[in-house]
Amino acid sequence: MQGSPGRTPMPNTRLLVLFGSQTGTAQDVSERLSREAWRRELGCRVQALDSYPVVNLINEPLVIFVCATTGQGEPPDNMKNFWRFIFRRNLPSTSLCQMDFAVLGLGDSSYAKFNFVAKKLHRRLLQLGGSALLPVCLGDDQHELGPDATIDPWLHDLWEKVLGPHPLPLDLSLTPPGVPWPSKFTLKFLQEVPSTCSEELCVTGTDPQGPPSELQPFLAPMVTNQRVTGPSHFQDVRLIEFDITGSGVSFVAGDVVLIQPENTASHVQQFCQALGLDPDQHFTLQPREPGVPCPARLPQPCSIQRLVSQYLDIASVPRRSFFELLACLSCHELEREKLLELSSAQGQEDLCEYCTRPRRTVLEVLCDFPHTAGAIPPDRLLDLIPLIRPRAFSIASSLLAHPSRLQILVAVVQYQTRLKEPRRGLCSNWLASLDPGQGPVRVPLWVRSGGLTFPKTPDTPVIMVGPGTGVAPFRAAIQERVAQGPRASPGNVLFFGCRQRDQDFYWEAEWTELQTRGCLTLVTAFSREQEQKVYVQHRLRELGPLVWGLLDLRGAHFYLAGNAKYMPADVSDALTSIFQEEGGLSGPAAAAYLARLQRTLRFQTETWA
C-alpha cells in the first residue's frame, strides 16, 4: 500500500513491515500498520519474512517486525528461512548498524514460551547493531481484550518515535478513521462466461514440474472416511484414507499433510444473497499498485461461486480490522455508528463480547449489518475477508506399510457458545461431510516436513507420548520402524492416553497385535475409568526406571505430540522428576539434562492449540 491517487507519501520515510504469521493475526496487524502509515502520509511496504530478500536488510533504515510464536516457542512457517539466516554465527555485529527497528510479538501467556520468537529476535537484532525504537511489544491472546490491549498503546508510542524526526507538514493532517484506504485490487466483471474455463487449470492431478504444493495441490481421491470413536463418545473422530497413486507425493514418519478446505454450499449461497452477488458471474482481478501480486491460487478469470466457496474465509471470526473497513464502507447511519464503535480502541470490550467470545463468524456479522453488507463494493472483498488457510494434519500411516496411501486422524471440531448455532471447525467438518461411498470425492492436498524427525538407525529406541489424536504421527513411526526390520521393534515404547477404552482407544487391535509380536511396548492411561483421573504423565512417573534406562543407558529419543496447552509442561515436569528420582540428579541438573535432550533433538514435540 503505497498511497492513493492525489496523495504522495512523505520523502525519506521508507517504512518496511515484515511479518511471520501462522494463523493470519500477525499479517492482519502488519496490514494495520500499513493503513496507519498511509493515514500519516508515510510510504510503507508489507511482506512476509520469507518472501523478503533478507540480505537487503543492511540497506533498510526503518523496519517493524511482527512475529507470532507457535507451538513450543517456534517461528511460523513463513519466517523459518529468515530465522535460520538471522541466527548465523558468522554475521558481523555491525550488520544492521544503520537500521532502526521495533518488534511486535503475538503469543499466548498460558504457554511456557510466551512470545519467545519476538523476544529472541529483538535480542538478536540488537546483537547485529540495530537500534531499537521501543521495547518489544508482547501481545497476549489471553488478555480479556486480546492482543490489542497491548498493541494499541505500543503503536501510539511507535508513531511518536517514527514521526519525531519526520513530523507531518503544517498543511497536512492525519487522515480521519472513517475514510477508507485504497483497495489492493480492482475487480472487473466479464460480460460473457469465458469459453475456456481456466478455473479447471488451477489444480491438476499431477504436477510434472515437481511434487504437489500449495500452488499446485494434488486432487487426492478419498478412499474411506470412517468414524473411529464410539457412538456415545462426545467427539466424532475420523480415520480418513487418500489414494496418492501417481501424485509425486512422498513422505516419512513425522511429516504433515496440508489440506485446502471449502465453505459449505449453504454458507456460500447465504453470503451471495447478503451481498447481492451473482455466483455465476465471472471476473478478473488487477492489483492497484505495481509489484503487488494477485492471490497466487486464484484462477483468472474466476467465478464468484469459486471465489466464495474456495478462497474467502467467511466462516472465520472477524478481526477488528474487518469492522474498521466495514465502517468506512457503510452508508447506513445506525450501522456505521455501531461499526465505528466496535472498531475503536474504546469499543474493544464490546467487540469481544459481540464477536470474539461467542466466535461469531464473518458471515453472521454481515447478516447482522444487512444494509452495509448489501453495499460492499466487489473490489473490497479481498481487503475485507481473509483467504482460507490450509490446515495441517499429522500423517498417520507409513508408505512402507500402506503403499500409495495416506491416512489422517481428524477430530471433528464442534462446540457450543451462547449463540444458537453450534460453532464448527471449517476443515474438519468439511472432511467429515465427504462420503466416498456416494461417488468420487477428491481433496486438494500436499505434504511438507513436520516437527518430528525419527532416528535413522532403526535400533535406536524411541519413547512416544501421544494422548488422543496426538498418537497419529507415532502410528506412522511405528509402522515404518517395524517394516524396517526386527532390530527396531523392541525399542518402540508408546504411552497412549484417552478417556475410555471402549470409546476412543484408536487402533487398539493394531497395537495389541504388535505387542503380541514383540514389536511394541504399549502403556495406556484411560482418564475416566477410575475415580481419580489418570493421564500419560502419571504413567511416565510410574515407569520411571524404564524411561530413565532407555534415555540414559540406551540413548533413546523422546517424542511428544498433542494439545499444546497443559500437557507438554506436565510431561516435562514428569521427566525432570524421573531424572531426579532415578538418575539422582539435582533440580538444576535435571533441568539441564532435559535442555540437553532438546538441544540434541533427542526430545521433540509436535503440539497444536
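Conventions and cut-offs
Residues numbered from 1 in each chain as written. Predicted model: local features only at pLDDT ≥ 70, side-chain atom pairs only at ≥ 80, totals over all residues. Heavy atoms only, no water. UniProt positions renumbered as here; feature names shortened; annotations may be inferred. Pairing = 2+ DSSP bridges. Helix = DSSP H or I, 4+ residues; strand = E, 2+ residues; numbered from the N terminus. Axes fitted to C-alpha atoms, helices over the stretch in contact; angles between N-to-C directions. Buried < 20%, exposed > 50% of the residue type's maximum accessible area, 1.4 Å probe, protein only. Phe/Tyr/Trp six-rings, centres within 6.5 Å; stacked < 30°, edge-to-face > 60°. Lys NZ or Arg CZ within 6 Å of the ring centre and 35° of its normal. Arc of directions from axis to C-beta. Contact = heavy atoms within 4.5 Å. Parallel < 35°, antiparallel > 145°, perpendicular 65-115°, else oblique. Nonpolar A, V, L, I, M, F, W, Y, C, P; charged D, E, K, R; others polar.

As annotated in an unreviewed UniProt entry, the protein chain carries the name NADPH-dependent diflavin oxidoreductase 1 and is attributed to Balaenoptera acutorostrata. Quoted verbatim from the Subcellular location (unreviewed entry) heading of the UniProt record, the comment on the protein chain is "Cytoplasm, Perinuclear region". Annotation of the protein chain in UniProt includes, under Subunit (unreviewed entry), the sentence "Interacts with CIAPIN1; as part of the cytosolic iron-sulfur (Fe-S) protein assembly (CIA) machinery."

A few words now on the sheet that holds strand β14 (residues 405-411). A sheet is described by the order of its strands in space; here six strands give the open sequence β13-β10-β17-β8-β9-β14, paired in antiparallel fashion. Two strands in the sheet have a free side with no partner beyond their single neighbour: β13 (391-394) and β14. Within the sheet, the average angular offset between the axes of one strand and its neighbour, ignoring direction, is 40 degrees. As paired strands, strand β10 (residues 256-259) and strand β17 (residues 442-448) are joined by four bridges and run antiparallel to one another. Within β17, the position partnered with I259 by the bridge is L445.

Before going further, it helps to examine the pairing of strand β22 (residues 603-608). In terms of burial, β22 is a largely internal element, five of the six residues being buried. Taken together, the six bridges between strand β21 (residues 557-563) and β22 define a ladder with parallel strand orientation. Bridging from a neighbouring strand, L560 pairs with T605 of β22.

The subject of this paragraph is the packing of aromatic side chains. In this structure the tally under the stated criterion is 14 aromatic pairs. Here F505 and F526 contribute two aromatic rings whose centre-to-centre distance is 5.4 Å and whose plane-to-plane angle is 65 degrees, an arrangement assigned as edge-to-face. Of this pair, F505 sits in the loop between α15 (501-504) and α16 (508-516) while F526 sits in strand β20 (residues 521-526); the two residues are 21 residues apart in sequence, bridging distant segments of the chain. Considered together, F505 and F526 belong to a single accessibility category, that of buried residues. An aromatic cluster of at least three residues, connected via ring pairs, comprises F496, F505, Y506 and F526. Of note, R35 hangs over the ring of W181, and the distance from its end group to the ring centre comes to 4.6 Å. The ring of F87 has K120 lying over it, and the distance from NZ or CZ to the ring centre is 5.0 Å.

Let's shift gears to helix α5 (residues 265-275). Taken as a whole, α5 has its buried residues at V268, F271, C272 and L275. Mapping the buried residues of α5 onto a view down its axis gives an arc of 95 degrees, with all of them on the same face. If you follow the buried residues of α5, they end up packed against α6 (304-310), α10 (362-368), α11 (370-374) and α12 (381-384). Immediately downstream of α5, the backbone of G276 shows phi near 65 degrees, a positive value.

If you trace the five strands from one edge of the open sheet to the other, you get β20-β19-β18-β21-β22, paired in parallel fashion. Among the strands making up the open sheet, the edge pair consists of β20 and β22. Strand-to-strand, the axes of this sheet are offset by a mean angle of 10 degrees, without reference to chain direction. Sheet analysis places strand β19 (residues 492-498) next to β20, joined by six bridges and oriented parallel. If you follow C498 over to β20, its bridge partner there is F526. Where helix α14 (residues 472-483) meets the sheet, its contacts fall on β18 (462-465), β19 and β21, and the angle it forms with β18 comes to roughly 155 degrees. Where helix α19 (residues 567-583) meets the sheet, it contacts β18, β21 and β22, and its direction lies at approximately 150 degrees from that of β21.

Two numbers describe how helix α8 (residues 333-343) lies on helix α9 (residues 348-356): the axes approach to 7 Å, and their chain directions differ by 105 degrees. In terms of orientation, α8 and α9 fall into the roughly perpendicular class. Contact with α8, carried on its side by E341, L342 and S343, involves Q348, D350, L351 and Y354 of α9 and no other residues of that element. Among the residues making up the contact of α8 with α9, the classes are represented as three nonpolar, two polar and two charged.

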